[in-house]
Amino acid sequence: MTIVLDGKTLAQKISEQVTKDVSKLKAEHNITPCLAVVLVGEDPASKIYVSRKKRQAVATGMLSKEITLPETTSKKQLLKEISLLNADPNVHGILVQLPLPKHIDTAQIIEAIDPRKDVDGFHPVNSGRLFSGVNSALVPCTPRGCVTLVKNHRGQDLTGLLAIVIGCSNIVGKPMAQLLLQEKATVIMAHSKTQDLPTLCRKADILVVAVGVPGLVKADWVKEGATVIDVGINRINNPEGGSCIVGDVDYVGVSSVAGAITPVPGGVGPMTIVSLLQNTYAAAVNQIYG
Ligand SMILES: Nc1nc2c(c(=O)[nH]1)N[C@@H](CN(C=O)c1ccc(C(=O)N[C@@H](CCC(=O)O)C(=O)O)cc1)CN2
């Protein structure tokens, strides 16, 4: 029987642990971790994610600060806001919600964030640390959440398992592959130019899909018993009207073959946000002891 990897329930459990950790930090050091979230523009999905991040940070006892800027904000203005947050000793975590408006160079903005406060783990210092296996890296939230889900299901030891990651983004695919490599899995990164993707994917013990193509992965792409992690969040129109969110995996079809599968919604998404809370707590602790 296929197991549904319930990210919502696991995220809730982790959030309770973060709440305890935050309360201990307050009691022992009189410090409350503070997450600053920067939102530029009016993207409706980004507004929802930012408000969830704030709300869930506050629910664990952290402080949260939101900087909301208009779509027309210049790169210079945004860099100024980031330098203020970098210099503020009461702010421990900074994230700039993506995507940014097209006129702003995302890489330059990410590089302006103090790596110690980079709770998204996107700064080259943190991606370099992840690449070289240094433990103190702040790791991007979605891949961190995916690995937590996989290990919660399969156990801590992923040694020698064949993991295939479809999609090579800096936010998900590349860090995901590095994390699985650290777990001693055998990792293959696949993408739109990979030849005969279905045949390759059928070899995977762990299949992570992060491409943004609704229902790309079908039942005959998946090995019997494999763990399938669907990172896709695609809004599609219903034939009967209205819209809904689906992943990159044909959930119904693949459920008949996979050993375990994440639903969309309710799988990877909630794990992304709770991983951000874990990163913010870790960043605060590093700043106290570092
Ligand atoms: N600075 C960042 N920007 C973006 C990131 C990120 O990690 N850092 N990731 C995504 C968006 N994202 C978080 O920011 C995110 C996406 C989806 C979910 C989520 O919980 N999704 C729900 C379904 C969607 C819904 O209900 O609207 C789910 O899967 O259950 C959380 C966070 C891009 N930008």
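You'll find the chain entered in an unreviewed UniProt entry as Bifunctional protein FolD, with Kordiimonas pumila given as the organism. Quoted verbatim from the Subunit (unreviewed entry) heading of the UniProt record, the comment on the chain is "Homodimer." In its Sequence similarities (unreviewed entry) section, the UniProt record describing the chain reads: "Belongs to the tetrahydrofolate dehydrogenase/cyclohydrolase family."

**A few points about the overall build of the chain**
Looking only at helices and strands, one finds 10 helices and 11 strands in the chain. Overall size of the chain, expressed as C-alpha extent along the three principal axes, is 50 × 40 × 35 Å. Taking all 290 residues of the chain together, the buried fraction comes to 47%. If you take every contact in the chain between residues at least 6 apart in sequence, the share linking residues at least 24 apart comes to 68%. If you average the places of the 29 positive and of the 25 negative side-chain charges in the chain, the two averages end up 4 Å apart.

**Points about unusual backbone geometry**
Backbone torsion omega between Leu98 and Pro99 reads 5 degrees, so that peptide bond is classified as cis. Position of Pro99 among the secondary structure elements: in the loop between strand E4 (93–96) and helix H4 (106–112). Cis geometry is found at the peptide bond from Val264 to Pro265, where omega equals 0 degrees. In this structure, Asn30 takes a positive phi of about 55 degrees despite not being glycine.

**Some points on the sheet that holds strand E8 (residues 227–230)**
Judged by pairing direction, the sheet is parallel, and its six strands sit side by side in the order E1-E11-E8-E7-E5-E6 without closing on themselves. Of all the strands in the sheet, just strand E1 (3–4) and strand E6 (186–190) have a single pairing partner and so form its edges. With two bridges connecting them, E1 and strand E11 (residues 260–261) associate as parallel partners. In the strand pairing of E11, Ile3 is matched with Ala260. In this fold helix H6 (residues 141–154) packs onto E1, strand E7 (206–209), E8 and E11, with an angle of close to 155 degrees to the strand it touches most, E8. With respect to the sheet, helix H7 (residues 173–182) is in contact with strand E5 (162–166), E6 and E7, its orientation differing from that of E6 by roughly 170 degrees.

**What about empty space enclosed by the protein?**
The gaps left among the atoms become clear once a water-sized probe is rolled over them. Applying the stated criterion across every chain yields a total of one cavity of 30 Å³ or more. Each pocket or cavity is described by its volume, and for the largest cavity that value is around 50 Å³. Every residue lining the largest cavity is listed: Ile94, Leu95, Val96, Leu98, Ile110, Ile113, Asp118, Asp120 and Phe122. For the lining of the largest cavity, the element with the most residues is E4, which contributes three residues. The class makeup of the residues in the lining of the largest cavity is seven nonpolar, no polar and two charged.

**Describing the UniProt feature "domain: Tetrahydrofolate dehydrogenase/cyclohydrolase catalytic" (unreviewed entry) in the chain**
Mapped onto this structure's residue numbering, the UniProt feature "domain: Tetrahydrofolate dehydrogenase/cyclohydrolase catalytic" (unreviewed entry) falls at residues 5–120. With 51% helix and 16% strand, residues 5–120 has end C-alpha atoms that lie 23 Å from one another.

**Brief notes about helix H1 (residues 7–29)**
Its 23 residues give H1 an end-to-end C-alpha distance of 32 Å, which sits within 8% of 33 Å, the value for a rise of 1.5 Å per residue. Restricting attention to buried positions, one finds in H1 the residues Gly7, Leu10, Ala11, Ile14, Ser15, Val18, Val22 and Leu25. A distance of 3.1 Å separates the backbone nitrogen of Lys8 from a side-chain oxygen at the start of H1, and that oxygen is part of Asp6. One or two residues past the end of H1 sits Asn30, with phi positive at roughly 55 degrees.

The rules behind these values
Counting of residues starts from 1 at the beginning of each chain's written sequence and follows it residue by residue. With pLDDT at 70 or above as the cut-off, local features in this predicted model cover only qualifying residues; side-chain atom pairs require 80 or more to be listed or tallied, and sums for whole chains, interfaces and linings still use all residues. Side-chain figures throughout are based on the complete set of non-hydrogen atoms in the structure, without hydrogens or water. UniProt positions are given in the numbering used here, feature names are shortened, and annotations may be inferred rather than shown by experiment. Counting from the N terminus, the helices are DSSP H or I runs at least four residues long and the strands are E runs at least two residues long. Think of it in three bands: residues with accessible area under 20% of the maximum for their type are buried, residues over 50% are exposed, and the middle band is partly exposed, with areas taken using a 1.4 Å probe on protein chains only. Contacts are assigned to residue pairs with any non-hydrogen atoms lying within 4.5 Å of each other. Charged-residue counts in this description rest on Lys and Arg as positive and Asp and Glu as negative, His and the chain ends being excluded. Positions of charges follow a simple convention, taking NZ of Lys, CZ of Arg, CG of Asp or CD of Glu. At least two DSSP bridges between two strands are required for those strands to pair. Only the stretch in contact is used when a helix axis is fitted, and all axes are lines through C-alpha atoms; the angle between N-to-C directions ranges over 0 to 180 degrees. For cavity detection a 1 Å grid was placed over the protein atoms alone, and a set of points counts as a cavity when a 1.4 Å probe fits there but cannot get out; an open set counts as a pocket when protein lies on both sides within 12 Å along at least five of seven lines, with lining residues being those that have an atom within 4 Å of a point. Grid points are joined across faces, edges and corners, and a volume is the space filled by probe spheres set on the points. Throughout, the ten residues Ala, Val, Leu, Ile, Met, Phe, Trp, Tyr, Cys and Pro are labelled nonpolar, Asp, Glu, Lys and Arg are labelled charged, and all others, Gly among them, are labelled polar. Multiplying 1.5 Å by the residue count of a helix minus one yields the expected span of that helix. Between N or O atoms, a polar contact is any pair within 3.5 Å; within protein, one atom must be a potential hydrogen donor and the other a potential acceptor, and residues adjacent in sequence are included only when both atoms are from side chains.

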